[in-house]
Amino acid sequence: MIQLKKVSKVFSNGLKVLDNIELTVQKNEFLYLVGPSGAGKSTLLKLIFREQHPSQGEIYIDNFLLNTIQADQIPYLRRNIGVVFQDFKLLPKRTVFENIAFALRFLNYSRRRLRRQVTQVLSLVGLNEKMSRLPSELSGGEQQRICIARAIVNNPSILLADEPTGNLDPDTSIDIIQLLSKINLLRNTTMIVATHNQAIVNDIRKRVIELKNGKIVRDQQLGAYCQ
């Protein structure tokens, strides 16, 4: 599903954020990216999403080489990759329904199909009754659930979550990771979650990839936050 071969990322100021990364993520897998701030977690996700380019090495998505992707092909790649952010990035003047439907704006769906898909994902995240609300009328946990619904409304094969519990309390954080785990199982979605949250990694055990100084220092099945 996802493969990184000897991938490094060096910024224009000479800072090396990723160093010779070798990583394979299988279809339908769920893994955590852990490590201190500056370890390279967010950069790795941005490389997979093709928001940034590797300085060296190769990145494959379904055997498709991202290094040589043409600009007009990137939107098609991203239709298969959903992204969830720490700070929600919801449109404040649009309803929950409109926020989720906005992700389908370029796909020329009929009104009936669009409503069906939005309703389905709202049901999956448990917020069907909130579809007419504005983001400001929702709790932080509810806003993150809407972000997840928006990210999966087109049924992508990959979901990247960058600190999805960073602004949430402990109980809500557990609920969000349980939801992501549910999506992973029900929709066969490959899931990569970058997190500093030790409790969720320790409570909901998955594969753990630990980054330190831009290198993978641990790859452990059913791992804890700290070895």
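See the structure printed just above.
Residues numbered from 1 in each chain as written. Predicted model: local features only at pLDDT ≥ 70, side-chain atom pairs only at ≥ 80, totals over all residues. Heavy atoms only, no water.

Regarding helix α4 (residues 111-124)
Along its 14 residues, α4 runs 20 Å from first to last C-alpha, staying within 8% of the 20 Å computed at 1.5 Å per residue. Buried residues along α4 sit in contact with α3 (96-101), α5 (140-152) and α6 (170-186). (Helix = DSSP H or I, 4+ residues; strand = E, 2+ residues; numbered from the N terminus. Expected span 1.5 Å × (residues − 1). Contact = heavy atoms within 4.5 Å.)

Remarks on the side chain of Thr43
If you trace the backbone, Thr43 turns up in helix α1 (residues 41-48). Judged by its relative accessible area of 9%, Thr43 falls in the buried class. Those residues in contact with Thr43 that lie beyond four places of it in its chain are Lys9, Phe11, Val17, Leu18 and Gln52. (Buried < 20%, exposed > 50% of the residue type's maximum accessible area, 1.4 Å probe, protein only.)

Some remarks on the sheet that holds strand β4 (residues 56-61)
Within the open sheet, the four strands sit side by side as β2-β1-β4-β5. Their pairing is antiparallel. Among the strands making up the open sheet, the edge pair consists of β2 (16-25) and β5 (64-65). Examined bridge by bridge, β4 and β5 share two bridges and lie antiparallel to one another. Counterpart to Tyr60 in the pairing with β5 is Leu65. (Pairing = 2+ DSSP bridges.)

Focus on the packing of aromatic side chains
All chains considered together, the criterion is met by one aromatic pair. Centroid distance Phe30 to Tyr32: 5.5 Å. Interplanar angle 70 degrees. Geometry classified as edge-to-face. One residue, Lys89, lies across the ring of Phe85, its end atom 5.1 Å from the ring centre. Between the NZ or CZ atom of Arg113 and the centre of the ring of Tyr109, over which it lies, the distance is 3.9 Å. (Phe/Tyr/Trp six-rings, centres within 6.5 Å; stacked < 30°, edge-to-face > 60°. Lys NZ or Arg CZ within 6 Å of the ring centre and 35° of its normal.)

Examining the environment of Asp19
Tracing the chain through its elements places Asp19 in strand β2. Expressed as a C-alpha distance, the spacing of Asp19 and Met191, which sit 172 residues apart in the sequence, is 23 Å. If we ignore the near neighbours within four places in the chain, the residues touching Asp19 are Val7, Ser8, Gly214 and Lys215. Separated by 2.8 Å, the side chains of Asp19 and Lys215 make a polar contact. (Polar contact = N/O pair within 3.5 Å; in protein donor to acceptor, adjacent residues only side chain to side chain.)

A closer look at the packing of α5 against α6
Packing of α5 against α6 brings their axes to within 10 Å, and their N-to-C directions diverge by 15 degrees. Accordingly, the angle class assigned to the pair α5 and α6 is roughly parallel. For the crossing formed where α5 meets α6, the hand is right-handed. Along the contact surface, α5 presents Gly141, Gln144, Arg145, Ile148 and Ile152, while α6 presents Thr172, Asp175, Ile176, Leu179, Leu180 and Ile183. For the contact of α5 with α6, a count of residues per class yields six nonpolar, three polar and two charged. (Axes fitted to C-alpha atoms, helices over the stretch in contact; angles between N-to-C directions. Parallel < 35°, antiparallel > 145°, perpendicular 65-115°, else oblique. Left-handed = near helix turned anticlockwise from the far one by under 90°. Nonpolar A, V, L, I, M, F, W, Y, C, P; charged D, E, K, R; others polar.)

Looking at the pattern of salt bridges
This structure, assessed with the given rule, holds eight salt bridges. Lys215 is paired through a salt bridge with Asp19; the nearest N and O atoms lie 2.8 Å apart. Here Lys215, found in strand β10 (residues 215-223), pairs with Asp19, found in strand β2; they are 196 residues apart in sequence, far enough to count as distant. The closest approach of N and O atoms between Arg207 and Glu29, which form a salt bridge, is 3.1 Å. Taken together, the positions of Arg207 in strand β9 (residues 206-212) and Glu29 in the loop between β2 and β3 (30-34) put the pair 178 residues apart, joining distant regions of the chain. (Salt bridge = Lys/Arg side-chain N within 4 Å of Asp/Glu carboxyl O.)

Some words on the environment of Leu107
Within the secondary structure, Leu107 sits in the loop between α3 and α4. Accessibility expressed as a relative area gives 18% for Leu107, which makes it buried. Those residues in contact with Leu107 that lie beyond four places of it in its chain are Arg79 and Asn154.

Looking at the nonpolar core
Nonpolar side chains in soluble globular proteins tend to end up buried together. In terms of nonpolar packing, the biggest core is built from 45 residues, with Tyr32, Ile100 and Leu180 touching the most fellow members. Elements with a contribution of two residues or more to this core: β3, α3, α4, α5, β7 (158-162), α6, β8 (190-194) and α7 (198-203). The contacts of Ile100, once residues within four sequence positions are left out, are Val118, Val121, Leu122, Ile146, Ala149, Arg150 and Val153. Counting residues in each nonpolar core, the second largest holds 30 residues, with Met1, Ile2, Leu66 and Ile69 among its members. (Core = buried A, V, L, I, M, F, W, Y, C linked by side-chain atoms within 4.5 Å.)

Here we look at unusual backbone geometry
Not every positive phi belongs to a glycine, and Asn20 is a case in point at roughly 60 degrees. Along the chain, the position of Asn20 falls in strand β2. Note on Asn20: relative accessible area 38%, which makes it partly exposed. Even without being a glycine, Asn28 presents a positive backbone phi close to 75 degrees.

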